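# Structure at a glance
Now for the letters of each chain:
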Amino acid sequence: MSEPQQPGATSSTTPSPWPALWAMVIGFFMILVDNTIVSVATPAIIEDLRTDYNSGIWVTSAYLLAYAVPLLVTGRLGDRFGPKNVYLLGLTIFTLASLWCGLTDSIGGLIAARVVQGIGASLLTPQTMAVITRTFPAAKRGSAMALWGATAGVATLVGPILGGVLVDAAGWEWIFFVNIPVGLVGFVLAVRLVPVLETHAHTIDWLGVALSAAGMFLLVFGIQEGERYDWGTITGPISVPLLIALGVVVLGLFVAWQARVRREPLVPLGLFRDRNFSVGNVAIAMVSLAITAMSLPFMFYAQGARGWSPTESALFMTPMAVVLLLLSPVVGKLSDRVHPRLLTLVGFGTAAVAMRWLGSLVDPTTPAWQLLLPMALFGVSNAFLWAPLSATATRNLPMSSAGAGAGVYNTTRQVAAALGSAAVAALIGSRLAANGLQGDASAFQSATGGSASMPAPVAEAFSRAMSEAFWLPAAAFVVGLVVVLLFERPRHQGTAPATAPAQAAPAA
């Protein structure tokens, strides 16, 4: 085994960190695509496995839950056992679970396999950010984070398109089988190209692990299942308000415990003394919430009011993906030299405009080509958000806590996505009712069924409800616009921030 590479910078005698990053991006892209690819295949899965609508939804919910809950812990594991080792373990689990998903012939087996898949994804994700933090110097981290951010952004768009194509051409099983060759290639490249980085002999805060896992489970499960079990019901088979409240209480106990742990907290709270890390976490939460909240009403509108197929509907996201890919390298280089406040103001400002523009076009008579214009503008927004936010949030992380910081950042992103999905589902239900339509499960199923025969008055009322739902992502982007005003100039640009960066936790 090669000697551990010293973190933080490259030199003439140190290999370039770019090949390692490209190798890890393969696995990162694959697991992020799985966040969205299954949603397109859900109707086919329900029909083939002869199950009901709620069980079909759990194929996605189980994955997201198993992905989000352990992130705080898995980020810390990378610091303790090395990001390369934890990444390879996560990639192996994810790939084998993908094979299990494709071979299963029952809904129970598929849900179980998706839980294992989510655990693999949770092990893998924080390690990509940790390797960037530990191998790229702070002054050049923006370009690396641009690749990470573009991967995350494009993956959320590719999932529905790829899912539609695979389901139409080969069957739902192939949305899982396609992961196997990708996982094998990613594993070989990671073994060869990802360096062995220095590990830190952390002890395991087992009480912190238990509190964080329990609190995250209660909170994320409550958010995901809120619409199904009626947000306002205190009594019943599952009390969603009680679950969420209990989750908040347990997470509060977790934070209190972390403040008391002197030797090895699971999450070093000192990370939040760096203002840019704290602001970056709030800002990425707004981005993740808003992107999730915009995709659901748009897909309902496209498939319900317009009668487009899942693949056709997903193709409207193409301008966003193309613009994001083209601009991300440019914005990544700018984020190493330009104040992050300026770049993210452009991102959040154009995103808010794009959401209101797109919402105003959600109408049964809008020419299809007009929908492409705000989507392209939203691609500009994403390019000015993903890389600057991730780079700015992680520039000052101490090397011994790079994994912990990446775990916090990705946990924030995943929980915000779950919150955005639940919030927009509740908002859609209320707007359907306000427009004279019933906002229950049957309304959603008829919308996602791509009914081209929806009567004109119904299509108009349905579209108006979806248009009104776009106020949620627009509002989230406005909140982000205000939050990023608090960014400070990074130290590598010449002016040290007023608050001192977090210090690394002492080694055990």
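Residues numbered from 1 in each chain as written. Predicted model: local features only at pLDDT ≥ 70, side-chain atom pairs only at ≥ 80, totals over all residues. Heavy atoms only, no water.

The name given to the protein chain in an unreviewed UniProt entry is Multidrug MFS transporter, and the organism recorded there is Aeromicrobium erythreum. UniProt lists a comment for the protein chain under the heading Subcellular location (unreviewed entry), and it reads "Cell membrane". (UniProt positions renumbered as here; feature names shortened; annotations may be inferred.)

Our focus in this paragraph is the overall build of the protein chain. Counting its regular elements, the protein chain contains 20 helices and zero strands. In the protein chain, which comprises 508 residues, the proportion classed as buried is 57%. In the protein chain, of all internal contacts separated by at least 6 residues, the share reaching a separation of at least 24 is 85%. Counting only carbon and sulfur atoms, one obtains 69% of the accessible surface of the protein chain, whose full area is about 19,200 Å². (Helix = DSSP H or I, 4+ residues; strand = E, 2+ residues; numbered from the N terminus. Buried < 20%, exposed > 50% of the residue type's maximum accessible area, 1.4 Å probe, protein only. Contact = heavy atoms within 4.5 Å. Areas by Shrake-Rupley, 256 points an atom, 1.4 Å probe, with all protein chains shown as cover.)

Before going further, it helps to examine the side chain of S288. For S288, the location among the structural elements is in helix 11 (residues 275–305). Here S288 is in contact with R413, A416 and A417, once residues within four sequence places are set aside.

The next subject is the environment of L219. In this fold, L219 is placed in helix 9 (residues 206–225). Linking L219 and L243, residues 24 residues apart in sequence, is a C-alpha distance of 6.7 Å. Excluding anything up to four places from it in sequence, L219 contacts I244, G247, V248, L251 and V415.

On to the packing of aromatic side chains. Scanning the entire structure with this criterion turns up 10 aromatic pairs. Ring centres of W18 and F136 lie 5.1 Å apart, and the angle between their planes is 80 degrees; this geometry places the pair in the edge-to-face category. Here W18 is found in helix 1 (residues 18–48), whereas its partner F136 is found in the loop between helix 5 (107–135) and helix 6 (141–169), with 118 residues between them in sequence. With relative accessibility at 30%, the residue W18 sits in the partly exposed group. Owing to a relative accessible area of 2%, F136 belongs among the buried residues under this scheme. Summarising the aromatic geometry, the rings of W308 and F316 are spaced 4.7 Å apart at their centres and angled 20 degrees between planes, so their arrangement reads as stacked. (Phe/Tyr/Trp six-rings, centres within 6.5 Å; stacked < 30°, edge-to-face > 60°.)

This part is about the side chain of S463. Checked against the element boundaries, S463 lands in helix 19 (residues 456–469). S463 gets classed as buried once you look at its relative accessible area, which sits at 1%. Engagement of the side chain of S463 in a polar contact is seen with the backbone oxygen of A459, the distance being 2.8 Å. In this structure S463 touches Y301, A305, V362, D363 and P364, once residues within four positions along its chain are discounted. (Polar contact = N/O pair within 3.5 Å; in protein donor to acceptor, adjacent residues only side chain to side chain.)

The next subject is the pattern of salt bridges. Scanning the model with the defined rule gives three salt bridges in all. D34 is paired through a salt bridge with R114; the nearest N and O atoms lie 3.0 Å apart. Residue D34 is found in helix 1, and its partner R114 is found in helix 5; the two are separated by 80 residues along the sequence. You can call D34 buried: its relative accessible area is 1%. Between E488 and R275 there is a salt bridge; the shortest N-O distance is 3.8 Å. Residue E488 is found in the segment after helix 20 (471–483), and its partner R275 is found in helix 11; the two are separated by 213 residues along the sequence. With relative accessibility at 36%, the residue R275 sits in the partly exposed group. (Salt bridge = Lys/Arg side-chain N within 4 Å of Asp/Glu carboxyl O.)

Side chains of a nonpolar character, in soluble globular proteins, are inclined to be buried together. Core analysis: the largest hydrophobic core is formed by 135 residues, its most contacted members being F298 and L389. Here the element with the most residues in this core is helix 11; it accounts for 18 residues. V154, L324, A383 and F384 belong to the second-largest nonpolar core, a separate cluster that totals six residues. (Core = buried A, V, L, I, M, F, W, Y, C linked by side-chain atoms within 4.5 Å.)

Next up on the list: the packing of helix 5 against helix 17 (residues 402–434). Helix packing geometry: the angle between the two helix axes and the distance between the axes. Running from N to C, helix 5 and helix 17 cross one another at 130 degrees; their axes reach a closest spacing of 8 Å. Relative to helix 17, the element helix 5 lies oblique. The two elements helix 5 and helix 17 cross, and the hand of that crossing is right-handed. Counting all contacts with helix 5, which are made through T125, P126, M129, A130, T133 and R134, the residues of helix 17 involved are A402, G403, A406, G407, Y409, N410 and R413. Residues belonging to the contact of helix 5 with helix 17 are distributed by class as follows: six nonpolar, five polar and two charged. (Axes fitted to C-alpha atoms, helices over the stretch in contact; angles between N-to-C directions. Parallel < 35°, antiparallel > 145°, perpendicular 65-115°, else oblique. Left-handed = near helix turned anticlockwise from the far one by under 90°. Nonpolar A, V, L, I, M, F, W, Y, C, P; charged D, E, K, R; others polar.)

With that out of the way, let us pick up a nonpolar patch on the surface. Where nonpolar side chains cluster on the molecular surface, the patch consists of W357, W369, L372 and L373 and spans about 390 Å² of accessible area. Per-element accounting of the nonpolar patch gives the leading share, three residues, to helix 15 (residues 368–383). By the secondary structure assignment, L373 is in helix 15. The partly exposed category is assigned to L373, whose relative accessible area is 40%. (Patch = residues over 30% accessible without salt bridge, like charges linked within 9 Å, V, L, I, M, F, W, Y side chains within 5 Å.)

The next thing to look at is the environment of L243. Looking at where L243 falls in the secondary structure, it is placed in helix 10 (residues 240–260). Separated by 22 residues in the primary sequence, L243 and F221 place their C-alpha atoms 8.0 Å from one another.

Along an α-helix, residues three or four apart share an orientation, since each turn contains 3.6 residues. Counting buried residues in helix 16 (residues 386–394) gives nine out of nine residues, a clear majority hidden from the surface. Taken together, the buried positions of helix 16 are W386, A387, P388, L389, S390, A391, T392, A393 and T394.

Before going further, it helps to examine the confidence of the model for the protein chain. Per-residue confidence for the protein chain gives a mean pLDDT of 81; residues scoring 70 or more make up 85%. Contacts from residues 1–12, a stretch scored under 50 in pLDDT, to residues over four places away or in other chains number 30 contacts. Across residues 439–452, where pLDDT falls below 50, the model places 26 contacts with residues more than four positions away in sequence or in other chains. (pLDDT = per-residue confidence, 0-100.)

With that settled, consider the packing of helix 11 against helix 17. Closest axis-to-axis distance for the helix 11/helix 17 pair is 7 Å, and the angle between their directions is 35 degrees. Crossing handedness for the pair helix 11 and helix 17: right-handed. Per-class residue counts for the contact of helix 11 with helix 17 are 16 nonpolar, eight polar and one charged.

This part covers unusual backbone geometry. Residue R50 is not a glycine yet carries a positive backbone phi of 50 degrees. By secondary structure assignment, the location of R50 is in the loop between helix 1 and helix 2 (53–68).

With that settled, consider the environment of S328. You can see S328 is positioned in helix 13 (residues 318–335). For the pair S328 and T151, spaced 177 residues apart in sequence, the C-alpha to C-alpha distance is 9.8 Å. Filtering out sequence-adjacent residues up to four positions away, S328 remains in contact with A146, A150 and A383.

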